[in-house]
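Working through the structure, step by step
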Amino acid sequence: FTRPGQAALDYIKGKRVKYYNVFYLILMLIGLNILTVHYHHEINPSSVPKNVDSGLKLITFLSNNLKSLLFGFVPLIALNSFIFFRRLKLNLAEHFIIGGFNLLGILVLCLCVNLLTLLDKFKKIEAVISVLETFFHLLIVLFPLWTYSNATYKTYSILGFTWRILAFYIILLVEFIFILFTITYIVTNQSSININF
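Remember, predicted model here, so these are calculated numbers, not experimental data.

Focus on the side chain of Asn80
Its place among the elements puts Asn80 in helix α4 (residues 66-84). Accessibility expressed as a relative area gives 1% for Asn80, which makes it buried.

Here it is in structure tokens:
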């Protein structure tokens, strides 16, 4: 968390002795996140929204394909960073490793949020939990910024990094919105689409 970009660059350069396999750790964190969400819904069933029809289909699809969707995050980040951070002189596969480190940090932060939601039953500390959840959500959004600022601090000026990271976030947001709308459209219209082979 203190130097994720530098840790990714070290990993790429072969300094892997002190690092656990990134992708195994991502799988483990996905499992822990799913487990904490499951227990949150078990402990607090009123938090599960009473969605109807298409909303329920979408939530079911997203929960059934969570691992694929999370791993889809890595290629998006890798491709965008490959485009905007060319001076790092890394190939696309190496940008995938940085994307994996991004996902790893985000999953750890998501796990913190999920663990905090398990404390929702304690009404006396509800305000503190709410502030901490907001703080962790902000960290989740800003984690790629931290990773790339850490990886590129010797490569770009402040102005050069600023416009690149803004473009990176804008393109990433557009891609996420497009993917979410596409998934929503396909899932909600799935019953009306008949594909014959």
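A few points about a nonpolar patch on the surface
Residues Leu119, Phe122, Ile125, Val128 and Leu132 make up a contiguous nonpolar surface patch of roughly 410 Å² in combined accessible area. Position of Leu132 relative to the elements: it lies in helix α6 (residues 126-152). For Leu132, a relative accessible area of 35% gives the class partly exposed.

Points about the packing of helix α1 (residues 4-12) against α6
Across the interface, α1 lies against α6 with an axial gap of 6 Å and an inter-helix angle of 60 degrees. On the basis of their axis angle, the class for α1 and α6 is oblique. Side by side, α1 and α6 meet where Pro4, Gly5, Gln6 and Leu9 of the first sit next to Phe143, Trp146, Thr147, Asn150 and Ala151 of the second.

Quick notes on the confidence of the model for the protein chain
Looking at the protein chain, the pLDDT average stands at 80 and 77% of residues meet or exceed 70. Averaged over each element, pLDDT in the protein chain is lowest for helix α3 (residues 53-64) (58) and highest for α6 (91). Ignoring residues within four places in sequence, the model shows residues 193-197, a span with pLDDT below 50, making zero contacts including any to other chains.

Brief notes about the packing of aromatic side chains
Tallied over the entire structure, the rule returns eight aromatic pairs. When the ring of Phe135 is compared with that of Phe136, the centres are 5.8 Å apart and the planes differ by 65 degrees; the resulting orientation is edge-to-face. The class of Phe136 is buried, set by a relative accessible area of 17%. Through pairs of rings, three or more aromatic residues link up here, namely Phe85, Tyr148, Tyr156, Phe161, Phe168 and Tyr169. Positioned above the aromatic ring of Phe82 is the side chain of Arg86, whose terminal nitrogen or guanidinium carbon lies 4.6 Å from the ring centre.

Re α6
If you check α6, its first and last C-alpha atoms are 39 Å apart, about what 27 residues at 1.5 Å a residue would give, namely 39 Å. Its axis deflected by about 45 degrees at Leu142, α6 carries its strongest bend there, up to four residues before the proline Pro144. Of the positions making up α6, those classed as buried are Ile129, Glu133, Phe136, Ile140, Phe143, Pro144, Thr147, Tyr148, Asn150, Ala151 and Thr152.

Re the nonpolar core
Membership of the largest hydrophobic core comes to 38 residues, with the highest contact counts inside it found for Phe85, Ile98, Tyr148 and Phe168. Put simply, the parts of the chain that give this core at least two residues each are α1, α2 (22-43), α4, α5 (92-117), α6 and α7 (158-188). Sorting elements by how many residues they give to this core places α5 first, with 11 residues. Non-local contacts of Phe168, meaning those with residues more than four positions away in its chain, are made with Ile77, Asn80, Ser81, Phe84, Phe85, Pro144 and Tyr148.

Some words on α1
Of all nine residues in α1, nine are buried, a share of seventy percent or more. Burial in α1 covers these residues: Pro4, Gly5, Gln6, Ala7, Ala8, Leu9, Asp10, Tyr11 and Ile12. A positive backbone phi angle near 100 degrees is found at Gly14, which sits one or two residues after α1.

What about the environment of Phe73?
Looking at where Phe73 falls in the secondary structure, it is placed in helix α4. Note on Phe73: relative accessible area 10%, which makes it buried. Here the alpha-carbon distance between Phe73 and Gly100, two residues 27 residues apart in the chain, equals 8.8 Å. Leaving out residues up to four positions away in the same chain, Phe73 has contacts with Asn102, Leu103, Ile106 and Phe176.

Parameters at a glance
- Residues numbered from 1 in each chain as written.
- Predicted model: local features only at pLDDT ≥ 70, side-chain atom pairs only at ≥ 80, totals over all residues.
- Heavy atoms only, no water.
- Helix = DSSP H or I, 4+ residues; strand = E, 2+ residues; numbered from the N terminus.
- Buried < 20%, exposed > 50% of the residue type's maximum accessible area, 1.4 Å probe, protein only.
- Patch = residues over 30% accessible without salt bridge, like charges linked within 9 Å, V, L, I, M, F, W, Y side chains within 5 Å.
- Areas by Shrake-Rupley, 256 points an atom, 1.4 Å probe, with all protein chains shown as cover.
- Salt bridge = Lys/Arg side-chain N within 4 Å of Asp/Glu carboxyl O.
- Axes fitted to C-alpha atoms, helices over the stretch in contact; angles between N-to-C directions.
- Parallel < 35°, antiparallel > 145°, perpendicular 65-115°, else oblique.
- Contact = heavy atoms within 4.5 Å.
- pLDDT = per-residue confidence, 0-100.
- Phe/Tyr/Trp six-rings, centres within 6.5 Å; stacked < 30°, edge-to-face > 60°.
- Lys NZ or Arg CZ within 6 Å of the ring centre and 35° of its normal.
- Expected span 1.5 Å × (residues − 1).
- Bend = angle between axes of the 7 residues up to and from the residue.
- Core = buried A, V, L, I, M, F, W, Y, C linked by side-chain atoms within 4.5 Å.

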